Amino acid sequence: MKKFTSRLVTTCLRVGIILAVGIALIFSSELEFSGNKMQAIATHLTPEAKSYEVASPDRPLTTDTEKDAKGVLGNIREKLNLDQPIAPSTKKFVKSVKDNVGEAVTPAREALEKATDRGSSDRAN
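Residues numbered from 1 in each chain as written. Predicted model: local features only at pLDDT ≥ 70, side-chain atom pairs only at ≥ 80, totals over all residues. Heavy atoms only, no water.

## Digging into the overall build of the protein chain
For the protein chain, the count of helices and strands is 4 helices and 0 strands. Put simply, the protein chain runs from its N terminus to its C terminus through helices and strands in the order α-α-α-α. Counting all 125 residues of the protein chain, 2% fall into the buried class. Of the roughly 12,000 Å² of accessible surface on the protein chain, 63% is carried by carbon and sulfur atoms. (Helix = DSSP H or I, 4+ residues; strand = E, 2+ residues; numbered from the N terminus. Buried < 20%, exposed > 50% of the residue type's maximum accessible area, 1.4 Å probe, protein only. Areas by Shrake-Rupley, 256 points an atom, 1.4 Å probe, with all protein chains shown as cover.)

Next comes the structure, spelled out in structure tokens:
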């Protein structure tokens, strides 16, 4: 009897918790607590606080944000070596690919032409 009662109590607690979470989710969606509806809006009290400002769609970027973006882009350019000249072996590879594209495409064109010719001859019969 004790096992049955303890199982009943734990099952009721689980159902109660799930029910409470469900009700909380329903009320939170109805009251619109999620999203930007409850976002705090305040003015800057100090000049230093302006440097932490995040740009939103309705406000243009600040000059600090633009400077940070330029710094990040410069860092990426430096890390990926985008200012370095292209290696001769890479230039040679690109040239060989450009030269051999016609050879790779020609068989496909011929196959396509044969297929269209065969299809048009089937229609004529």
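There's plenty left to go through after this.
## Structural notes on the pattern of salt bridges
A complete count under the given rule lists 2 salt bridges for this structure. Taking the shortest distance from any N to any O, the salt bridge between arginine 77 and aspartate 83 comes out at 3.2 Å. Arginine 77 sits in the partly exposed class, given a relative accessible area of 41%. (Salt bridge = Lys/Arg side-chain N within 4 Å of Asp/Glu carboxyl O.)

## Overview of a nonpolar patch on the surface
A cluster of nonpolar side chains, Val72, Leu73, Ile76, Leu80 and Leu82, forms an exposed patch at the surface whose accessible area comes to about 490 Å². Along the chain, the position of valine 72 falls in helix H3 (residues 63–79). For valine 72, a relative accessible area of 49% puts it in the partly exposed group. (Patch = residues over 30% accessible without salt bridge, like charges linked within 9 Å, V, L, I, M, F, W, Y side chains within 5 Å.)

## Examining the confidence of the model for the protein chain
As a general rule, the predicted coordinates of low-pLDDT regions are not to be interpreted in detail. On average, residues of the protein chain score 76 in pLDDT, and 71% of them reach the 70 mark or higher. Mean pLDDT across the secondary structure elements of the protein chain bottoms out at helix H2 (residues 47–50), with 74, and peaks at helix H1 (residues 2–30), with 87. (pLDDT = per-residue confidence, 0-100.)

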